[in-house]
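# Notes for the structure review
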Amino acid sequence: MPTAAQHVAIALARHVSHVFGVMGNGNAYFLDALLRETDATYTAVRHEAGAVVAADAHFRVSGRIAAATTTYGAGFTNTLTALAEAAQARIPLVVVVGDEPTSGPRAWDVDQIALASAVGARTYTVGRLDAAATTVIALEHALSYQVPVVLALPYDVVTREVGPVPELPELTLPGPLAPTAFAAASIDRVAAALADAERPLLLAGRGAWLAGAGAALGRLAAATGAVTATTALGRGVFPEQRYDLGVTGGFGAPAAMELVREADVAVVFGAGLNQFTMRFGELFSPAAHVVQVDTAPAATHPRVDDFLRGDARLVAELLADAHELLPRPTFASPGADAAVGGGRKTPWRETIDAPALRAQEPGAADGRTARGRLDPRTVAARLAELLPDDRVVVTDGGHFLAWPNMFWPVAEPNRMVMVGTAYQSIGLGLPSVAGAVAATGDETTVVLGSGDGGGLMALADFETAVRTAGGRGLAVFWNDGAYGAEVNLYGLKGLAREPMLIPEVDFAALGRALGAEGVVVRELGDLERLAEWAAAPASARPFLVLDLRIDGEVIAPYQHEVIRANS
Ligand SMILES: Cc1ncc(C[n+]2csc(CCOP(=O)(O)OP(=O)(O)O)c2C)c(N)n1
């Protein structure tokens, strides 16, 4: 007779193909059922935070929900930072976790429901009569609200025989959020504002990508002559890169950011407008009219003048349709005589050279600073030339985040994934590798970017990264012998430096200990190994670790913005 654990595993595996976890008393029977009774793939990680991070990264890369599993108590509390990140970033996933028995807590139990709730995750507790149904409802909640959920397995329930697995319904999920009545009534007004603008700008974020708004936004940009830009999580949303300024905010190129300040009307789609995107309030000129289109209940930044609630794709389509119905043509088609065509101005986007505007400040030409260490800008630019095009980049947090974001082009938003940025946590990079590996095909290279501080924090899942990615994996450690972001903020203010420093750790040797190949990179020439590696098929090469000995005194522009905002 099937047990409750089997009911949960079978119901879960109908919709989830990958489960990441660490085993213990609380999830042993669930794991046994999962491996024996379902086709789901189980990947062991080495720290429970890594299980949630891997499931999170899996969703961010593939758009498909995954699960994490841990034992009760310590196994569960180990997930909390990663769970907070998933909640704040609005990533659906299921954490299948052991819990206290229905008879009440034992000496080692903690109030897991309260803990999950405190970081923003709802718990569904499985009972003996409803194990499969509760699993389906938990999945529906995660996907409908785009949040992580906890599926709790009481210790005494999992082993109970509960009868045949019932017929399971398909998931019932809501469609895209229709524009509110106010938003629908505002379409003509916003379309007219875009048409009348001298310098219209469209800015899109991850919400626009999730809504599949790319084509509609491309149509709207073409119709209005708007220059486009994205947030760090929305890169590549607009189909035409030749009119795109790249990332706004501190990772953006200086000339591109100056141009954004010239916009007189800016319409923002599916972007939360956090302090980094907004350059701490400086992104738009005070005179610009800023419209935000989002599924959030209200505007997410005080700078927003007009808020339209609705799905980014639906609203972009309505705006493009409305623009086409306007009584006057906005501008002549390219090359046409303005007088004959009735056009009244040159589209703003035709007046700019976006690729030149996107150029970043280069580093030292020979790749070395006066202190004899690597210039991170030059090495980042060289890495961009050497990395395989078919890649997914997963990163930790820290000052170094600037270098991949500024210098590595991204084909689609789901090819640069930063687990940890919503909750501003470091230490979630290395376990992201396993999730990205499971989410992509054999041809795709998974590239990790990490600082030395975040890398050391996540060391347990360095093993997971090497084991799961094998020759598909490459880890790039931006090694400055410090918690660089802290040095830049508090070291420069004169605070005691000792807590900010890290001995020079040999990540190449650490990688070798785990079965990878490790290269210490002290000059640009040391990157030649990457050229050979990239040319070999993944099956014929090892996981490669590049330990970049960078100069921490080269400070990224976004860090200067943070320093200014903090002083
Ligand atoms: C879990 C956690 N602990 C501490 C911090 C504070 N913090 C933010 S950035 C940072 C330094 C990161 O250092 P490293 O990973 O070496 O990257 P770098 O800044 O040097 O590029 C620290 C400690 C944090 N954000 N998250």
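Cut-off values and rules
- Residues numbered from 1 in each chain as written.
- Predicted model: local features only at pLDDT ≥ 70, side-chain atom pairs only at ≥ 80, totals over all residues.
- Heavy atoms only, no water.
- Helix = DSSP H or I, 4+ residues; strand = E, 2+ residues; numbered from the N terminus.
- Rg over C-alpha atoms; globule rule 2.2 N^0.38 Å.
- Buried < 20%, exposed > 50% of the residue type's maximum accessible area, 1.4 Å probe, protein only.
- Contact = heavy atoms within 4.5 Å.
- Areas by Shrake-Rupley, 256 points an atom, 1.4 Å probe, with all protein chains shown as cover.
- Pairing = 2+ DSSP bridges.
- Axes fitted to C-alpha atoms, helices over the stretch in contact; angles between N-to-C directions.
- Core = buried A, V, L, I, M, F, W, Y, C linked by side-chain atoms within 4.5 Å.
- Salt bridge = Lys/Arg side-chain N within 4 Å of Asp/Glu carboxyl O.
- pLDDT = per-residue confidence, 0-100.
- Near = heavy atom within 4 Å.
- Polar contact = N/O pair within 3.5 Å; in protein donor to acceptor, adjacent residues only side chain to side chain.

A few words now on the overall build of the protein chain. The secondary structure content of the protein chain amounts to 23 helices and 18 strands. Since a compact globule built from 567 residues should have a radius of gyration of about 24 Å, the 25 Å found for the protein chain is in line with a globular shape. Along the longest, intermediate and shortest principal axes, the C-alpha atoms of the protein chain span 80 × 60 × 50 Å. Counting only residues that meet the buried cut, the protein chain has 58% of its 567 residues in that class. Considering only intrachain contacts with a sequence separation of at least 6, the fraction spanning at least 24 residues in the protein chain is 77%. Looking at the protein chain as shown, the accessible area adds up to about 22100 Å², and 54% of this sits on carbon and sulfur atoms.

Turning to the sheet that holds strand 4 (residues 93–99), a few remarks are in order. As summarised here, the arrangement of the six strands in space is 2-1-3-4-6-5, forming an open sheet in which the pairing is parallel. Two strands close off the open sheet at either side, each with one partner strand: strand 2 (41–44) and strand 5 (122–125). On average, adjacent strands in this sheet sit at an angle of 25° to one another, irrespective of strand direction. The sheet contact formed by strand 4 and strand 6 (residues 148–154) spans seven bridges and is parallel.

This part takes up the nonpolar core. Grouped together as the largest cluster of nonpolar side chains are 56 residues, with contacts concentrated most on Phe-20 and Phe-543. When contributions to this core are tallied by element, the ones reaching two or more residues are helix 3 (48–62), helix 5 (80–89), strand 4, strand 13 (391–395), helix 17 (432–439), strand 15 (445–451), helix 19 (460–469) and strand 16 (473–479). Broken down by element, this core gets its largest block of residues, nine residues, from helix 3. Ala-380, Leu-383, Met-416 and Met-418 belong to the second-largest nonpolar core, a separate cluster that totals 41 residues.

Moving on to the pattern of salt bridges. This model, assessed by the stated rule, comprises 29 salt bridges. Here Asp-321 makes a salt bridge to Arg-219, at a shortest N to O gap of 2.9 Å. A residue pair is termed long-range when its members are at least 10 positions apart, and Asp-321 in helix 12 (residues 312–324) and Arg-219 in helix 10 (residues 214–224) qualify at 102 residues. Taking the relative accessible area as the measure of exposure, Asp-321 reaches 34% and is therefore partly exposed. The salt bridge partner of Glu-412 is Arg-415, with a shortest N-O separation of 3.3 Å.

Take Arg-106: it is sitting in the loop between strand 4 and helix 6 (112–118). For Arg-106, the residues in contact, after removing those within four places along its chain, are Tyr-72, Asp-99, Glu-100, Pro-101 and Tyr-155.

When pLDDT is averaged across the protein chain, the result is 95; 97% of the residues are at 70 or more. The weakest mean pLDDT in the protein chain belongs to helix 13 (residues 338–341) at 41; the strongest belongs to strand 3 (residues 67–70) at 99. Here residues 336–342 is modelled with pLDDT under 50, and outside its nearest four sequence neighbours on either side it reaches four contacts, counting other chains as well.

Taken together, the neighbourhood of the ligand is formed by 18 residues, with Asp-452, Gly-453, Gly-454, Gly-484 and Glu-486 sitting nearest. Within the backbone of Gly-454, an N or O atom sits 2.7 Å from an oxygen atom of the ligand. Here Gly-484 contributes a backbone N or O atom positioned 2.7 Å from an oxygen atom of the ligand. Coverage of the ligand by the protein chains reaches 77% of its 580 Å² of free accessible surface.

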